[in-house]
Amino acid sequence: MTTRSMNDIYKPKKSFLVTKHPIPSSLEPTIVTAALTDSRWREAMSSELTALMCHNTWQLVPPPTDCNIIGCKWVFRVKRHANGSVDRFKARLVSKGFNQQPGLDYKETFNLVVKSVTIRTVLTIAVMQGWTLRQLDVNNAFLHGHLTETVYMKQPPGFRNSEHLDYVCCLNKAIYGLKQAPRAWYSALKHALTEFDFLNSKSDSSLFVFDTGSTLAYCPVYVDDLIITSNNIAFVASIVDHLGRKFSIKDLGSLHFFLGVEVIPTAAGLFLSQHKYIRDLLAKTSMDGARDVATPLSPSVPL
């Protein structure tokens, strides 16, 4: 419902909310000392270090001479459900890859990001054919990639070895933040899928296709998030089992939340909602506390 002012400016009387869920407050600490005072973040940091140790990510060595030693830092994130409720607290150790020197610390890089048009195409095919959509998440994906270069990194802040305070980490596996980490993870994932007779799409290197006999399957990959859809449910189960033996896989079941987009099955197909992305955008721009208005512009200013 609108009314016309004397200046022929329409003034909406009904305001529409941008989101259907309340905007959550930020809980992420910005420094390590603050995180160490919270048991939830200490547990998250300990879980991350445990995963690094289980993967034999590095070994402590005396600091070498005439070598580039990169730093590292902790990144804290509260993982949330689509409705904004807290899923888990996640701490990730990230290397300062901007300190790496090309040709010395890394040679080739790669961006493992599926194209948005590829995702829409795969979802469209799955809906039209009535296929199920399975979502997988790879825990500590980059730790599965092997390095071909020798990279030295400082010890994690807050978790330095008390017996070897001056030692550094000689990396055996890729770690988040390294320039070559996405390429190392892509090589490991590609090898695992090609063992299962998947082929790389020529139009998008982050899409893997299986087309043998009467079975057809698609697997788009966005870093450590995978979607698998096929006309053969038993084949999808075998893929999940195969990848589970290669990597640390978290089976998220049917596709419901992918790249900030909530996927809601309906009788007509799939409904895609980005209200969580909008909430995050408002929080990032410090507008999460702004009052609701009918229009973002002043109605009294002539257009």
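What counts, and at which threshold
- Chains are numbered independently. Their residues run from 1 in the order of the written sequence.
- Only residues with pLDDT of at least 70 get local features here, since the model is predicted, and only at 80 or more are side-chain atom pairs given and counted; chain-wide, interface and lining totals rely on the full set of residues.
- Side-chain measures were taken over the full set of non-hydrogen atoms in the model, leaving aside hydrogen atoms and water.
- A run of H or I in DSSP becomes a helix once it reaches four residues, and a run of E becomes a strand once it reaches two; helices and strands are each numbered from the N terminus.
- Only protein chains enter the accessibility calculation, which uses a 1.4 Å probe; a residue is then buried when its area is under 20% of its type maximum, exposed when over 50%, and partly exposed in between.
- In this description, strands pair whenever DSSP reports at least two bridges between them.
- Throughout, nonpolar core names a set of buried Ala, Val, Leu, Ile, Met, Phe, Trp, Tyr and Cys residues whose side chains join them through atoms within 4.5 Å.
- Any two residues having at least one pair of non-hydrogen atoms within 4.5 Å are treated as being in contact.
- The axes used here are C-alpha line fits, helices contributing only the stretch in contact, and every angle between their N-to-C directions lies in the interval 0 to 180 degrees.
- By definition here, a helix of n residues has an expected span of 1.5 Å times n minus one.

Moving on, we get to unusual backbone geometry. The backbone of D66 sits at a positive phi, close to 55°, despite the residue not being glycine. With respect to the secondary-structure elements, D66 resides in the loop between β3 (58-61) and β4 (69-70). Positive phi values are uncommon outside glycine, yet S286 reaches one of about 60°. Note on placement: S286 falls in the segment after α6 (275-284). Residue class for S286 comes out exposed when judged on its relative accessible area of 64%.

Let us now look at the sheet that holds β4. Ordered in space as β3-β9-β8-β4, the four strands form an open sheet in which the pairing is mixed. Of all strands in the sheet, those with a lone pairing partner are β3 and β4, marking the two edges.

If you look at the biggest cluster of nonpolar residues, it comprises 53 residues, and the most contacted ones within it are W58, M153, I175, W185, F198 and L243. Ranked by residues supplied to this core, first place goes to helix α4 (residues 181-194) with eight residues. Setting aside its immediate chain neighbours within four residues, W58 contacts L49, L52, M53, L93, M153, P156, C169, C170, L171, N172 and I175.

Turning next to the sheet that holds strand β14 (residues 249-254). Strand order in the open sheet formed by six strands is β10-β11-β12-β13-β7-β14, and the pairing between neighbours is antiparallel. Among the strands making up the open sheet, the edge pair consists of β10 (199-200) and β14. Looking at chain direction, β10 and strand β11 (residues 207-212) are connected through two bridges and run antiparallel. The residue bridging L199 from the neighbouring strand is V209, located in β11. Strands β7 (132-138), β11, β12 (215-222) and β13 (225-230) of the sheet are contacted by helix α3 (residues 116-129), whose axis makes an angle of about 145° with β12. Together, β7, β10, β11, β12 and β13 form the strand contacts of α4, whose direction differs from that of β11 by roughly 10°.

Alternating positions in strand β5 (residues 72-80) separate cleanly, C72, W74, F76, V78 and R80 being buried on one face and K73, V75, R77 and K79 remaining unburied on the opposite face. For β5 and strand β6 (residues 86-95), the ladder comprises nine bridges, and the chain directions are antiparallel. Within β6, the position partnered with K79 by the bridge is R88.

Another aspect to go through is α4. Between its first and last C-alpha atoms α4 spans 20 Å; for 14 residues at 1.5 Å apiece the expected length is 20 Å, and the two agree. For α4, the complete set of buried residues consists of A181, P182, A184, W185, Y186, A188, L189, A192 and L193. On its buried face, α4 is in contact with β7, β10, β11, β12, β13 and α5 (233-246).

Our next topic: the environment of D137. Mapped onto the fold, D137 is located in strand β7. Residue classification places D137 among the buried residues on the basis of a relative accessible area of 13%. Sequence separation of D137 and K90 is 47 residues, and the distance between their C-alpha atoms is 14 Å. For D137, the residues in contact, after removing those within four places along its chain, are D224, D225, S248, I249, K250 and L252.

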